[in-house]
Amino acid sequence: MGTRRRRVSVIYFISKLVKWDDLSMEIISNPTHDEIKKAAQALKDGHLVAFPTETVYGLGADATNEKAVSRVYSVKGRPTDHPLIVHVSCINQIGHWAVDIPEYAIKLAQEFWPGPITLILKRSQLAKDFITGGQNNVGLRVPTHPVALEVLSQFEKLGGKGIAAPSANKFGAVSPTSAQSVIDELESGFIDEDLILDGGQCEIGIESTIVDCTNYLPKVLRPGAITKEMIESISGHVLKLTEPQSNTRAPGMLSTHYSPRALVELNAKAETGDGFIALSNIPTPEGAIRLGSPSNTEQYAYQLYELLRLGDSIGLRKICIVLPLTGKLSEAIFDRMTKAAVSRK
Ligand code: TXA
Ligand code: MG
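Report follows, based on the coordinates. (Residues numbered from 1 in each chain as written. Chains lettered and ligands numbered in written order. Predicted model: local features only at pLDDT ≥ 70, side-chain atom pairs only at ≥ 80, totals over all residues. Heavy atoms only, no water.)

### A short note on the packing of helix α5 (residues 103-112) against helix α9 (residues 228-235)
Next, step 1: Interhelical geometry of α5 versus α9 gives an angle of 120° and a closest axis separation of 9 Å. The orientation of α5 relative to α9 falls into the category oblique. Handedness of the crossing formed by α5 with α9: right-handed. Together, Tyr104, Lys107, Leu108, Glu111 and Phe112 of α5 and Met230, Ile231, Ile234 and Ser235 of α9 make up the contact between the two elements.
Next, step 2: Broken down by class, the residue content of the contact of α5 with α9 amounts to six nonpolar, one polar and two charged. (Axes fitted to C-alpha atoms, helices over the stretch in contact; angles between N-to-C directions. Helix = DSSP H or I, 4+ residues; strand = E, 2+ residues; numbered from the N terminus. Parallel < 35°, antiparallel > 145°, perpendicular 65-115°, else oblique. Left-handed = near helix turned anticlockwise from the far one by under 90°. Contact = heavy atoms within 4.5 Å. Nonpolar A, V, L, I, M, F, W, Y, C, P; charged D, E, K, R; others polar.)

### Considerations on α9
Since the α-helix turns once every 3.6 residues, residues separated by three or four places project in the same direction.
Next, step 1: Burial in α9 covers these residues: Ile231, Glu232 and Ser235. Down the axis of α9, the buried set is contained in an arc of 100°. They therefore lie on one face.
Next, step 2: The elements touched by buried residues of α9 are α5, β6 (117-122), β10 (209-212) and β11 (219-222).
Next, step 3: Just beyond α9, the residue with positive phi is Gly236, at close to 80°. (Buried < 20%, exposed > 50% of the residue type's maximum accessible area, 1.4 Å probe, protein only. Arc of directions from axis to C-beta.)

### Quick notes on the nonpolar core
Next, step 1: Counting 49 residues, the largest nonpolar core has Leu59, Leu119, Ile131, Leu140 and Ile196 as its most contacted members.
Next, step 2: Listing elements by their share of this core, those giving two or more residues are β4 (58-62), α3 (66-76), α4 (94-97), α5, β6, α6 (129-132), β7 (137-141) and α8 (179-186).
Next, step 3: In this structure Leu140 touches Ile85, Val86, Ile94, Trp97, Ala98, Trp113, Ile117, Thr118, Leu119 and Leu121, once residues within four positions along its chain are discounted.
Next, step 4: Of all hydrophobic cores here, the second largest spans 27 residues; its members include Val264, Ile277, Leu308 and Ala340. (Core = buried A, V, L, I, M, F, W, Y, C linked by side-chain atoms within 4.5 Å.)

### Describing the sheet that holds strand β15 (residues 318-321)
Next, step 1: Strands sit in the order β12-β15-β13-β14 across an open sheet of four strands; the sheet is parallel. Each edge of the sheet is formed by a strand with only one pairing partner; in this case those strands are β12 (263-266) and β14 (289-292). Across the sheet, the axes of successive neighbouring strands diverge by a mean angle of 30°, strand direction being ignored.
Next, step 2: Inspection of the sheet shows β12 paired to β15 by four bridges, in the parallel sense. Of the residues in β15, the one forming a bridge with Leu263 is Lys318.
Next, step 3: Packing of helix α10 (residues 297-313) onto the sheet brings it into contact with β13 (275-277), β14 and β15, and relative to β15 it is tilted by some 160°. (Pairing = 2+ DSSP bridges.)

### Observations regarding the environment of Thr32
Next, step 1: Within the element layout of this structure, Thr32 appears in the loop between β2 (26-29) and α2 (33-44).
Next, step 2: On the accessibility criterion, Thr32 (25% relative accessible area) is partly exposed.
Next, step 3: Residues Thr32 and Val147 lie 115 residues apart in sequence; the distance between their C-alpha atoms is 9.1 Å.

Pasting the structure below:
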């Protein structure tokens, strides 16, 4: 417990060729109640706070503060017409951000929040173009990670209405599932007053399910831990999965996304020197470098992004991936890795 200003070692600096001053944001491990209050105040003051959610780490900013939100875009290197998800502490807060909410969306929120699902709803006047990328709708989510929930409720006690938080990675790269990965991704963009809340490794490891709730029927835009079947059973509607398109403005739907630096190949034969990720019951091809052996699909999702980062950190040119075929998260893993594989083609 407790605050700790983690300064990265001189060797680390030299190897990364950046200055000491560039890395001076504060990192707080297992934050206490008071430390979370401090983070909420930092957000209210217009600073950035990276925080854990049950899916991946988010890079948070006050969703009503245009200047703070513009820093999120610049730190990530994300085009400004790509919308951000607004995180709130509970379903009662959605009235600030959304109007004309369909009955089925209320049912989904009641059933799955707090949890790994984002609902796209018609925006209120509070959801400005700098959050929605100029679209008439807004993405909302109530995360379930206790640190995220407490930051949100402390922020709301200070008069805040919601925290905009994309995944805390560079645009197009792999989402971070640990505080160290946030540093590795975004260190040079942080300034002294920014914070990283370290709440350990994210439990799910794959980004939230996104459901478009702006039409008569719900539509899954990005698969995640809340599956199509779960949404169908609560909403009472049969769903279609949206095909990815390369020209869409929503980056989670772009087919070029979620990519490590290494080339990703799906279900291909790994050759000598290639990285290899597969369930533990699949043997390592001769000469391949086994990056991980998750024992089931949940473990696979939990470890996947860190394993891809490991492959990059040891300078692999190619990572061969054998996808898990069953389990709640297999569709989401397929979705992300298909996009990662397309990215370097
Ligand atoms: O699990 C998650 O959703 C994580 C954690 C931090 O909550 N967040 C996350 O945010 O993955 P981001 O920005 O990396 O991905 C969100 C996706 C993007 O593809 C974005 O374009 C899409 O959601 N999105 C956000 N608002 C939208 C909107 N109004 N309409 C359509 N797509 C939207
Ligand atoms: Mg993202």
